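Here's the letter readout for the chains.
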There are 4 protein chains.
Amino acid sequence: LTAEGPADLLGPLFRWERLAGLLDARARIQAMLDFEAALARAQAGLGIIPSTAAAAIGAQCSADRIDAKALAREAAQAGNLAIPLVRQLTARVAAADPVAAGFVHWGATSQDVIDTGLVLQLRAALDAIDGELERLAERLAELADGHRGTLLPARTWMQQAVPTSFGLKAAGFLDAVHRHQDRLAELRARGLVLQLGGAAGTLAALGPRGLEVAAALAEDLRLGLPDVPWHSHRDRVAEVATTLGLLAGTLGKIARDLALHAQTEVAEAFEPTAEGRGGSSTMPHKRNPVAAAVALAAAARVPGLVSSLLGAMVQEHERGLGGWPAEWETLPDLVGLCGGALHHLTEALCGLRVDVARMAANLEATEGLVYAEAAQMALAVHTGRAEARRIVEAACERARTEERHLHDVLADDPQARAHLPPAELDRLFDARWQHGQAEALIDRVLATRRSRRRPPAGGE
Amino acid sequence: LTAEGPADLLGPLFRWERLAGLLDARARIQAMLDFEAALARAQAGLGIIPSTAAAAIGAQCSADRIDAKALAREAAQAGNLAIPLVRQLTARVAAADPVAAGFVHWGATSQDVIDTGLVLQLRAALDAIDGELERLAERLAELADGHRGTLLPARTWMQQAVPTSFGLKAAGFLDAVHRHQDRLAELRARGLVLQLGGAAGTLAALGPRGLEVAAALAEDLRLGLPDVPWHSHRDRVAEVATTLGLLAGTLGKIARDLALHAQTEVAEAFEPTAEGRGGSSTMPHKRNPVAAAVALAAAARVPGLVSSLLGAMVQEHERGLGGWPAEWETLPDLVGLCGGALHHLTEALCGLRVDVARMAANLEATEGLVYAEAAQMALAVHTGRAEARRIVEAACERARTEERHLHDVLADDPQARAHLPPAELDRLFDARWQHGQAEALIDRVLATRRSRRRPPAGGE
Amino acid sequence: LTAEGPADLLGPLFRWERLAGLLDARARIQAMLDFEAALARAQAGLGIIPSTAAAAIGAQCSADRIDAKALAREAAQAGNLAIPLVRQLTARVAAADPVAAGFVHWGATSQDVIDTGLVLQLRAALDAIDGELERLAERLAELADGHRGTLLPARTWMQQAVPTSFGLKAAGFLDAVHRHQDRLAELRARGLVLQLGGAAGTLAALGPRGLEVAAALAEDLRLGLPDVPWHSHRDRVAEVATTLGLLAGTLGKIARDLALHAQTEVAEAFEPTAEGRGGSSTMPHKRNPVAAAVALAAAARVPGLVSSLLGAMVQEHERGLGGWPAEWETLPDLVGLCGGALHHLTEALCGLRVDVARMAANLEATEGLVYAEAAQMALAVHTGRAEARRIVEAACERARTEERHLHDVLADDPQARAHLPPAELDRLFDARWQHGQAEALIDRVLATRRSRRRPPAGGE
Amino acid sequence: LTAEGPADLLGPLFRWERLAGLLDARARIQAMLDFEAALARAQAGLGIIPSTAAAAIGAQCSADRIDAKALAREAAQAGNLAIPLVRQLTARVAAADPVAAGFVHWGATSQDVIDTGLVLQLRAALDAIDGELERLAERLAELADGHRGTLLPARTWMQQAVPTSFGLKAAGFLDAVHRHQDRLAELRARGLVLQLGGAAGTLAALGPRGLEVAAALAEDLRLGLPDVPWHSHRDRVAEVATTLGLLAGTLGKIARDLALHAQTEVAEAFEPTAEGRGGSSTMPHKRNPVAAAVALAAAARVPGLVSSLLGAMVQEHERGLGGWPAEWETLPDLVGLCGGALHHLTEALCGLRVDVARMAANLEATEGLVYAEAAQMALAVHTGRAEARRIVEAACERARTEERHLHDVLADDPQARAHLPPAELDRLFDARWQHGQAEALIDRVLATRRSRRRPPAGGE
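What counts, and where the lines are drawn
- Residues numbered from 1 in each chain as written.
- Chains lettered and ligands numbered in written order.
- Predicted model: local features only at pLDDT ≥ 70, side-chain atom pairs only at ≥ 80, totals over all residues.
- Heavy atoms only, no water.
- Least-squares fit on C-alpha atoms with pLDDT ≥ 70 in both.
- Contact = heavy atoms within 4.5 Å.
- Buried area = accessible area lost by both parts, 1.4 Å probe.
- Salt bridge = Lys/Arg side-chain N within 4 Å of Asp/Glu carboxyl O.
- Polar contact = N/O pair within 3.5 Å; in protein donor to acceptor, adjacent residues only side chain to side chain.
- Helix = DSSP H or I, 4+ residues; strand = E, 2+ residues; numbered from the N terminus.
- Buried < 20%, exposed > 50% of the residue type's maximum accessible area, 1.4 Å probe, protein only.

1. A word on the relation of the copies chain B and chain A
Point 1. When chain B is fitted to chain A, the residual RMSD is 0.0 Å, and the transformation amounts to a turn of 180° plus an axial shift of 0.0 Å. Both copies are brought into coincidence by an operation consistent with a two-fold rotation axis.
Point 2. Mapped onto chain A, 100% of the interface residues of chain B are again interface residues, and the two copies thus contact each other with one and the same surface.

2. Observations concerning the interface of chain B and chain A
Point 1. Listed per partner, the contact involves 94 residues of chain B and 95 residues of chain A.
Point 2. Summed over the three residues of chain B that lose the most area to chain A, namely Trp 157, Asp 227 and His 317 of chain B, the buried surface amounts to 10% of that side.
Point 3. Remark: the boundary between chain B and chain A carries twelve salt bridges.
Point 4. Across the pair Arg 183 of chain B and Asp 235 of chain A runs a salt bridge whose closest N-O atoms are separated by 2.8 Å.
Point 5. Here chain B is connected to chain A by 38 residue pairs in polar contact (both at pLDDT 80 or more).
Point 6. By residue number, the principal contributor to the side of chain B that touches chain A is helix 11 (residues 235–261) of chain B, which donates 15 residues.

3. Here we look at the interface of chain A and chain C
Point 1. Listed as interface residues are 42 residues of chain A and, on the opposing side, 42 residues of chain C.
Point 2. Interface area lost by chain A to chain C is led by Glu 265, Pro 284 and His 285 of chain A, which between them contribute 19%.
Point 3. On the surface where chain A and chain C come into contact, there are four salt bridges.
Point 4. Residues Arg 287 of chain C and Glu 397 of chain A are paired through a salt bridge, measuring 2.5 Å at the closest nitrogen-oxygen approach.
Point 5. For the pair chain A and chain C, the interface holds 23 residue pairs in polar contact (both at pLDDT 80 or more).
Point 6. Looking at the side of chain A that touches chain C, the elements that each hand over two or more residues are strand 1 (151–156), strand 2 (159–165), helix 11 (235–261), helix 12 (290–311), helix 15 (372–383) and helix 16 (385–402) of chain A.

4. Section: the relation of the copies chain A and chain C
Point 1. Note on the identical chains: chain A maps onto chain C by a rotation of 180° and an axial translation of 0.0 Å, with an RMSD of 0.0 Å.
Point 2. Looking at the interface residues of chain A, 100% of them are also at the interface in chain C, so both copies use one shared face.

5. So, the pattern of salt bridges
Point 1. Applying the stated criterion across every chain yields a total of 165 salt bridges over all chains.
Point 2. For Asp 257 of chain A, the salt bridge identified is with Lys 253 of chain A, shortest N-O distance 2.9 Å. Placement of both Asp 257 of chain A and Lys 253 of chain A in helix 11 is noted, with a separation of four residues, approximately one turn of the helix. For the pair formed by Asp 257 of chain A and Lys 253 of chain A, the shared burial category is buried.
Point 3. The salt bridge involving Arg 155 of chain D is made with Glu 265 of chain B; its shortest N-O contact spans 2.7 Å. Of this pair, Arg 155 of chain D sits in strand 1 (residues 151–156) while Glu 265 of chain B sits in the loop between helix 11 and strand 3 (269–270), placing the two residues on different chains.
Point 4. Several salt bridges converge on common partners, so that one network encompasses Asp 175, Arg 179, Arg 183 and Glu 186 of chain A together with Arg 190, Asp 235 and Glu 239 of chain B.

So, in C-alpha cells, the structure goes:
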C-alpha cells in the first residue's frame, strides 16, 4: 500500500473517528498505564510504597514508551496484555530507578489493570456517546417541532394506515432517545467502578491495608468503589453491551424508517447529498442512503455481539477461562459500532431533506382509503362499531374495484349519507383534521425535553 | 397419552410453575381482556361511552369465556390475537347487550391491547421474579455470613490460585444480585407503561379526548403514562429481555461454580439430594446437579433470545412487519427461562451441602503452591518484586520436580531463609492468615444489604 | 377457556400444523418409545435378551399409554425425560411380563434414547420440510417462467437501479432453494444416525456385543451407524439448526421482497386475500401481508436460536451439564419456526397476485433515470467510461432539477446526440431492450431444476 | 508507541498469523484488484475490450499501488470500498494509458468486485484452514491410537460415570473433525463461485455477451459459475459462517475438556509449557491453559457472529441496505477467530502432556463407585434390571456413608455374593475390563481416517 494503510479499511465508514481514538490500541495501553500510575500514587500516599517509586513509575506510564508489537507478541504467550505490559513497564522503571521497579503493579493482578483500564476507556467512550446522543436529541426536537404539521401517511405492516405528522415521528424518536439517556446515566453510576482485588479478589497481597488502597485508588481515578471486587461477575461489563444494544436497536429503527421514506416510489425524506456520497460504481443516477446503511448494519451486528457478551458471563470461579478473553475485542467492537451508527445517523438527520409536498401527495395515493378508519369511527357513533365497520369495509371494496375515491363512494352510500353530512364527510377526508393528538403528543415530549435540562455531557 | 398431557413436557424442569402460570395462554388472554375492560371503564368514566356499555363489556372480560382454539385458528388468518379476541368479545357482549357491543375496543387498535396486555403480564412476572430474587439474596447473605471463614482455593483460569473463603464467593454472588434488583427497579419505572395510540399512534379515533382516555386508562391499570405511544419503539420491551439476560448470566455463573465445586474430584459443595433427583437411567451411583444444569441451560439459551429481541427492534414505520410478531413468543420464553433458572437455583442453594473439610483439604492439594504469591509478596518487601518472583518461581519448579512441599523448599532456600524466619514462613502457608480482606469485603456487602431494606417484593 | 385451549395460542400463526404434529409432546414420547422397542427387538434378534421380552416391551411402546403429566413432573427431578419414561415403561411391562421388565432399556443410557428419539423426529420433520420445499421450488419455477418478460425496476439500496424482470427475481429465489435442497440432503446423510453408547459411550454395559447391537438397531430404525457414539459431539444436531437457519434467511429475504413490493406506494405484488386475512382491528381498508410477517418473524427469531445451539456445543466430557438440555426445546422451536415460515410463505406465493401493469408503471416513475446506466454504457463505447459517466451524471442532475425526462435531456445534449442516434436513444429507454440476460439466466436455473429430477421427498 | 504498533494488539493471541495475512486490508484490496485484472483479461479474450487495455489494467492491479488511507476515507462517503478503489485504479491506468482507463471495471458493479474478491479471499482462507484441520486430525489419530488403553473416568454431567479410555476421547474428537472436513468440502463446491451480475444482476451492461464474460471470468479465476448472480442471496456467504461456526463449537468442546482435565484437582492432561506461557502477573506458580482459553473465547464469540450473518441474509431486493455491509467485517472476524482457535488448539494438542498415572488414580478416587454400573449389569443378568439396580444403589449408599470401597460392600452383600463370585467381582472393579468397546470404536474411526486418504489440503 502506498501510504501506511489503516488495518481498518472500513473504519471511517462504520465508526466515528473521535470515538475510535478512545478505543484503539494506544488508548487501551494508556488506560492500563493510567491504572498502574494511579495505583503507585495511591500506595505512596498511604505510605505503602516510597513516594520516589510512585514518581518513577508514573514517569514511565506513557503509551508512547511501549513497544506495542512486542506487547502483542508476548500476549500471545502470556494469555493477556497485562503480563507483558507490566514486564515492559518494570524494565523501563528499572532502567531509571531499580528500587522503584520493585513496586510496579504492587499487589495487583492482571485482571485489575485490564478491567480498570477498560472502565477508564468506557468512561471516555460513554462521554463521547452521551454528547452525540444529546446532539441527536437536539436535532430530533427541531424536527418534531418544525414538522408538527407536516402530514404524511402512517404505515402499519408497511401499508398506509391513517394520517400522522412527520413531527410526531420525530417526537417518537426523541422519546426513545430520552430513555437511552436515562439508561446510560444509570449504567455510569453502576458500572464505572474500580476493579482491584489482587490475585483472586481477596486483596491478600496488599496485606491489611488492601481496602484503603482500593479506596484511595478509586478516588484518584474518580471511579466508584464497589463493595467487593467484581472480576468474575461481568454484569457491569455486559450491561454496557445491553444498554448500547438497545440504543443500536433504536438507531436501526430510525434508519429503517429513513430508508423506507427515501425509496424511489415514496420519496419523502432523503439523506443530505454530497460529492461522492452514496453513488454507484456503475449507475450514474444513484443516491444511496449511506448513513441509514451504516446504522442498519450496526443494528444487524450488535445483537450478536450482545449475545456473545451475555453468554460470556458464565465465567468459572475467580477468573473465567474463555469468557473473560471473549470480552476483550467484542466490547470495543460493539461500542465502536454503536457510536459510529449514532454519529453517522445524527449527521444524516442534521442534513435531512424532507419533501413536504410529496408526503402530502402520498396521503392521497390511496384514493381516500387512508381515511377509512376516520369514516368508520364517525359512523360508529351513530350505527355502532360493527355496522360502521361493515359499511366502510364494503365501501373500501367498492372504491378499489370501481377505482373511485372512497369519499365519493361513501357520499353515494345511503347509510353513510344518512349519518355523515357533506361537510363532515369532507372533513373526514382532510388530513389536517385527521392527525389526532399528534401535536399534543409532540408537545408532551418537547416539554419533557425542556424539563430534563441536562448538564453538559460527560460532566461529573 | 393417558392423562391429557401438557404440551410443555419440559416445563416443570426448565420453568417455575408460579411464573409459568403468569405467562401461559390463559394469562395472555386475561391480560388482554383486562385492557378491554379497563378501556371501557375509563371511557365510561369520561362520558365517552355509556356506563352500561362499560359494565356489559367488563362482564364478559374473563378468559374462561373465550374459545381459545378458535382464537388461535383465526389469529393465523388475522395475523394477531387481538382481532379474533375483539371479535369473540364483541359477539359475547352483543348477545347480552347489543348496544354495548358497539363500544368494545372503542378507538383502540390491536397493538394497544396486545402491548398493554403484555405489560400487565410482565408486571406480574416481574413481581414474582423480584420476590424470588429477594429469597436468593437472603440465602446468599446467610452463606456469606456463615461461611466467612470457610477456606478453600480460589481458582483462576480453572487452576488453584490463592486461598479465599466460601463466604466471599457468596458475597460476590450477593453483590451481583443487588445490582440485578436495582436494574429491575429501574426497568419497572421505565417500562411498565400504558400503550394506547389507536391505529397509528395519533389517538385520532378517540377524537379530542384521546389523551384524557389514555391518562384515565393508565390510572385504572396502575401503569405509567408515556409521553407518546411507543408501539414502534420497542426498547422498553427489549429492555425486559436485556435486564433478564444479565440476570441469566449471573445465574449461569453461580451454576457453573456449583457444578465445578460438585465435580467428583473437587467435591466441595453439592445440590441437595432427594428421591429421584439427579439420577441416571443406567448408573446407580450418580447424583447429577440438576439445578445447575437448568440454570446453565437457561444461560445458554437466553443470550440468543435477547439478540432476537434486539434485532427485532428495527421495526418499520408505525408498526413493524416481522419484528413485532417476533416478540410474541420470544419474550415470554425468555422470562420463563430466567424465572425457572432463578427458582431452581435458589432452591438448590437453600439446600446446598458444603463440605468444609474437603475445601480445606483441597487447599493442601498443591503441596503449598497455592501460597506461592504470599511467599513472593513477603519476600518482595525485602528483595523487590522481580527478585522475589525469581526466587519463588524457582522454588515452585523445584517443589514440582522434587515433589516436595513449597514451604520446605523455601525453608531450605538460602535467600528465602534470609528474609523469612520460620514463624513467618509457617504463617505464609496457613490459609487462616492468607485470605486477605475476605471478611471485611463480606461485611461491606452485608452492610449494603441491610441498608437497602427493600419493601416487600412487588409492592407498589 | 371454553374449549380446552391450546397452550400454543400462536401455533397456527407461526407454525405448520403437519410439522407441529411431528414435534409435539406425543411425537417426542413416541420417538423415544420407538427407540426402546427397536432396541429390544435388535437385542432379541441377537439372542441377548429373550424374544418374549422384546415382544412384551414392544407391546407397551405406545405414547397413548404414557402418563405425560407424571412424566413432566418426574423429569423436573430426574433432570431428563428418559429416566421417568423408562420407569413408566418398565412398570407397564412388569405388569404384563415381570421378566421382560428386567430387559427394558438394556445397556442403554438416557442420552441414547433421547438423542436417537430426536433423530427419528428430525427425520420425519425433514421429510415434511423437503416436501414443502419442493412445492416452493415448483411454484417459483412457474413464476420464473411465467414472468420472464414481466419488467419492473430492480432496486439496490432500496433505490430504483435498472430494469429487471420479475421472472429473474423468482429464478434467484429458486436458485437459492436448490442450494437448500442440497444442504438438506447432505445433512440427512451426515446427521440422521443412531446414538447408542451406553453410560458414557463405550457400550460397556452391552459387553462384547455392543457393536453388533448398535448395527442391528441402526438397521431396524433405518438410521446410519456412526463410527463412534456422538453423545458429547453435537455438531450433527447443531447442523440441523445451521442448515435450517440458512433456509430461514432465504425465506426472510423472499418475504422482505414481498413486503416491499406490497407497499401501498409500490403495489406490485400482493399476498392472496381471504375472508379475515390480514385485517386490522380498527382500520377497515387494511390488507396486511401476514405470510411475509410470519416469515420475517421466523427470520428474526431463528438466528438467535442457531447461536444458542452453536454455543451449547461446548459440552463437558462425556455428557454436558447445561449444553445438552439447552437443545431440548430450542431445536424443536427452530424446526417449527422454519417449517411454519416455509409453509405459510409457500401458500402465499401460490396465491400471489402480480400487478404487471404497476410494475411497468413504476419503471417510468423516475422519468428515465432507471435507464441512466444503459445510456452511460452506450456512450462509453464511444467516449470511454469516465467521460460517459460525466455526461450522463450531468444529464441526470439536469433531469432532476428541470424535472424533465432523462431521454429528452440526453436528446438535447450535444455530446450524447453525437454518439447516440434517436433510434438508439429510444431503445436505451425501453425496458424491453434493457433487462439484459434476464431470460437466459432464468433458463439456466430452470434447466438445472429439470436436471435435478429429485426423487419424491423423504424417500430413502 | 515506540514501534509502529499493530492496531490489532490481541491479534497474535486470538488469531493465526498465516490466516490473518489472508484476511487483512492488503489481502482484501488485492483480491478486488485480482477481480478487476481478470475481468479485463476475460473481456479482452472475448474481444470486448482491447488487449492493450487489459494489459494496462492488469499492470496496475497491485495492492502496493493503492493509497489505502484515501480508500478508507472515500469509502466512508461512497458507502463501499469498490467505488474509490475503481476510481484509484482508473486514475492509475489513465496515467499510463488513457484509452485503457475507459475499460476499467467494464460492465461490472461494486458488488461484483467486492463479492468475488471475498470469494477469492475465502478460498485462500479455507485452504489454510483445511490444512490445519488435517494437521489436527493427524494429531488426534496419534492420540487415539497411542492412548487406546489409557484409562480414566468418563464424566457425565461433570460427575465420574464409568471408565473410558483417553484414546476413545481423542477418537471422538477425530470423528467430529472428519465431519467438519466433509462440510468444508461441500461448502467449497457450493460457495466458491463467481459473482458477476452488473448493476442489478441482469448483466445488461455487458450486452448480449454477458454470460460469455461470466464464464470466461470464472474460468480465469478458477471459480465455479453459478446459474444466476447471487448478489442478494447470501446463503453462500452465511454458509461459510455456519460451517465454521460448527467447527468453532467442536474446538470449544475439545478446549473445555482440556481445561477440565487440567484443573489442579484433576490434573490429567496439560498444555505444553514454555517460557512466558500461561503465567500470571502476580502468582509465580500459575500455568494457565492459554490455548484452551483462546478456543473457548472463539467458541463464545463465533455463535453471535453467525447469528449476525444469518440475520443479515434478509436483504432487500437486488442489493441490501444494511445487511450486505453488515457482512464486511463480520465474516473476516469470524474466519479469523475460528482459524486462530484451530491453530492454537492444534499446537497445544501437539504438545499435550498426558498424565497416565493420574488418570488411573482418578479412576480409583470414588472408592469403586465408578464401577457401579458394571456391577449392576452383571447382577441384572441374574436378578433382572430393577432388582440389580436396587441392590447396587443400596450398596453405593452404604459405601458412601460407611466410607468403604464399593467392591467390599458388594463382597459382603449376600445377594450380590450369590451371583458374583470373587473373581468376577474383582474383574468388575478392574478398569482394564470395563472400558467396553473403546478400542473397537477407536479402530472404526482410524479405519475411516485411512479410507479417506485425502489429497493435500487446498489442492484443487
